[in-house]
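Working through the structure, step by step
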Amino acid sequence: MRISVLGGGPAGLYFAVLAKQLGPGHEITVWERNAPDDTFGFGVVFSDETLGGIEHADEHVHEAMSREFARWDDIDVHYRGTVTTSGGHGFAAMSRKRLLAILQQRCHELGVDVRFRTGAPDVAGLAREHDLVVAADGLNSAARARFAETFAPDVETRRCRYIWLGTDLVFDAFKFHVLETPHGIMQIHGYPYGREGSTFILELHEDVWQRAFAPIAATELAPGESDEKSIELIRELCAEVLDGHRVLANNSRWATFGTVRCERWVHENVVLLGDAAHTAHFSIGSGTKLAMEDALALAACLHEQPSVAEALGAYERERRPVVASTQRAAQASLEWFENLAQYTRQEPEQFTFNLLTRSRRVTYDNLKLRDREFAAALDEWFAGTLGTTVAPPMFQPVRIGELPLANRIVVSPMDMYSAVDGVPGEFHLVHLGGKALGGAGLVMSEMVCVSAEGRITPGCPGLYTEEQERAWARVVGFVHDHTPAKIGLQLGHSGRKGSTRLMWEGMDEPLPEGNWAVCGPSPLPYSAKNQTPRELGAAELAEIREQFVTSARAAARAGFDLLELHCAHGYLLSSFLSPLTNHRADEYGGSPENRLRFPLEVFDAVRAVWPSDRPVTVRISATDWHDGGIGADEAVAVARAFAEHGAAAIDVSTGQVVSEERPRFGRSYQTPYADRIRNEVGLPYGMAVIAVGAISSYDDVNSLLLAGRADLCAIGRSHLYDPQWTLHAAAEQEYPVAWPQPWAAGKRKPQTGRTDGPEPRLELVRTGGPRTAHARWRPGGDR
């Protein structure tokens, strides 16, 4: 097979090594425009998992790398005059220059043709002349640009700048320094890569860069040239960290990180590898790791599959989920550092935990395994801030306004589509009563509608008749009589998303018959299938506002402990907030302040009739997941407006506002929005913030709470899977909580059968261990 590799970095060279090793008959050419000893950057970091794969694939490369490694376990966080250390993390790093030299030598040994100082010919011509072209030509890939229509790349740049430097100071741990400078907050990422020095990256928000470096930064630099004026200022700003040691430059210049994502990695016989296909922020140390893992997977697929086409398909299927997971973690880490200034009011203990868990790959339980003493100190610190005894964070008490809750778990509102004429029935009693028996501190109803026309589906419950009020009072009474849980009612109006089928019959699709008219701020249908809503006039707005008031009074009489106003997911109040669904030209449309007007009027009217000792909360969609819609900045402003009007908590969800949305799903994917709202609005206003969205493990809950990203966590689908989720989480953590007395006998985890399996019989013979009854039986004897 004739293979051409574009780029002589770690991805291209390692692929060439493995492919030649697995197929000695392959003719492999690597094109590299730089000299053999040219390299940019200083050190590269590897995980144990990646090193294990390298060792298995080529022991010669692994052995040569191992001789070069700097290894360490600790992470030191320097923050507000303190140093907090967490151990047990396990890192291995080495000089990028030495890594390339090792791979170059291995290529030479195997007979790979590596052409240095030689730019690659046109990729289309190479593709015609070769069986395979591997484009490992980096972030600015020419091959990716050449076939951009197929690869469909997207490069997302953010709001921080960074500069990659080195120092002859050999750090003794992975170092994070938070620098408070006259220009603003800056952060250092540093780690050793050998006996000679350390990688040293300075990162800062664009606003801080503009104040500190924009006046002196070089506007044009020759290839390989470093920004010396900026580096001189960095020496001054980081003098205390460097302690007299040198700052080293190597093509060091300011950059804005670009996250590369491609819809496809394969064009005919051309395949993207490493940074050409994808990038992940340097703060999780994943660039070289991902590139070499790509190379390993591609070489293996070529060896295993019968054709190049099948091999490329298998490679992309294998690597895409891994890369997507890494990019999600890297994005969370990138955004954490981008918003670092919002955490600088945190105490050192919480700040350190927050930093360590920023990507959501390291968690509360994970840290317990890595560094038990550090985790125990965090638990003690958290309990001390609350004046309580030590407990897992999720089981620490909390208040929403004046309402005390036994723990920080909320059963999220979940539509059940099981009411008849808006009346909740036996199902709702069992559903909500069972969830309350399951140990959560707060159980929320599904969205309860303020009118028949305000229902989403014919199966949605309401609170606009006396019969509905009596039915809800029965549910509330059961919760109060049989559990310590509190129960809240979510109140809303479907707006333009009304008159649709039950979820399992066709979510958001119109009824086959019997549709009722729908309304909204503007005559914009939710989708081409849905009705066009009528635009609400002043009289109808006043009528709907009064419907909310009437329902709120009924909810108070029914005994609900809390009322939540549903201003999310594209329902009526949400559709007033979003510029995608509100095109009005009057005082209820246009500016953010005008779009907030009607939701705030409803909130004020409800708050006025709701008992003063019971809280009113608000659920919002913090992003529309669509260009031109609400994003994080406006979500903060919306949350602040409700806080100023007296909201006791903001329940931070996202999306479902427009059918064309493109959410980025993933574990705890909505929590960054809750995090920002809590730190920018919740803490200053004394308002609780509830995180929701794909939070499914108690470990994630504890991590989010201890890091200060939320005050409570709302759990939805996991409570459908396990109605006793909270009680079981307590049992798993061996934390004593009160179970309902009739269930008390079940509070211990059930015993299970053996999981280790019996010892092999040969081993028992060797050790003289016990024998089976069958082995002891002799003919004529007793069994």
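What you see is a predicted model; the values in this text were computed from it and never measured.

Around the barrel, 8 strands lie side by side as β21-β22-β23-β26-β27-β28-β29-β30; this closed barrel has parallel pairing. If you compare each strand with its neighbour and ignore which way they point, the axes differ by 25 degrees on average. Examined bridge by bridge, strand β22 (residues 442-449) and strand β23 (residues 486-492) share 6 bridges and lie parallel to one another. When the sheet's bridge partners are listed, Val 443 is paired in β23 with Ile 487. Taken strand by strand, helix α17 (residues 466-482) contacts β22 and β23, and its axis lies near 150 degrees from that of β23. Relative to the sheet, helix α21 (residues 592-609) contacts β26 (562-567) and β27 (616-621), its axis offset from that of β26 by approximately 170 degrees.

Okay, the confidence of the model for the protein next. In the predicted model, the protein carries a mean pLDDT of 93, and the fraction of residues at 70 or more is 96%. Across residues 769-783, where pLDDT falls below 50, the model places 5 contacts with residues more than four positions away in sequence or in other chains.

In terms of residue burial, strand β1 (residues 2-6) counts as a mostly covered element, since 4 of its 5 residues are buried. In the sheet, β1 pairs with strand β2 (residues 27-31) via 5 bridges, with the strands oriented parallel. Bridging from a neighbouring strand, Ser 4 pairs with Thr 29 of β2.

Pairing within the open sheet is antiparallel, and its 3 strands lie in the order β3-β7-β4. Looking at which strands have only one partner, the edges of the open sheet turn out to be β3 (43-46) and β4 (70-72). Adjacent strand axes in the sheet meet at a mean angle of 25 degrees when their direction is disregarded. Sheet analysis places β3 next to strand β7 (residues 91-95), joined by 4 bridges and oriented antiparallel. Residue Gly 43 lies in a different strand from β7, and its bridge partner there is Ser 95.

The subject of this paragraph is the side chain of Asn 269. Position of Asn 269 relative to the elements: it lies in the loop between β17 (266-267) and β18 (270-272). Reaching out from Asn 269, the side chain makes a polar contact with the backbone oxygen of His 130 at a distance of 3.0 Å. There is a polar contact of 3.4 Å between the side chain of Asn 269 and the backbone oxygen of Asp 131.

Our focus in this paragraph is the environment of Ala 16. Of note, Ala 16 is situated in helix α1 (residues 10-22). On the basis of relative accessibility, which here comes to 0%, the residue Ala 16 falls in the buried class. With 95 residues separating them along the chain, Ala 16 and Gly 111 place their C-alpha atoms 9.9 Å apart. With residues up to four places along the chain from it excluded, the contact list for Ala 16 reads Ile 28, Val 30, Cys 107 and Val 112.

Calculation notes
- Residues numbered from 1 in each chain as written.
- Predicted model: local features only at pLDDT ≥ 70, side-chain atom pairs only at ≥ 80, totals over all residues.
- Heavy atoms only, no water.
- Pairing = 2+ DSSP bridges.
- Helix = DSSP H or I, 4+ residues; strand = E, 2+ residues; numbered from the N terminus.
- Axes fitted to C-alpha atoms, helices over the stretch in contact; angles between N-to-C directions.
- Contact = heavy atoms within 4.5 Å.
- pLDDT = per-residue confidence, 0-100.
- Buried < 20%, exposed > 50% of the residue type's maximum accessible area, 1.4 Å probe, protein only.
- Polar contact = N/O pair within 3.5 Å; in protein donor to acceptor, adjacent residues only side chain to side chain.

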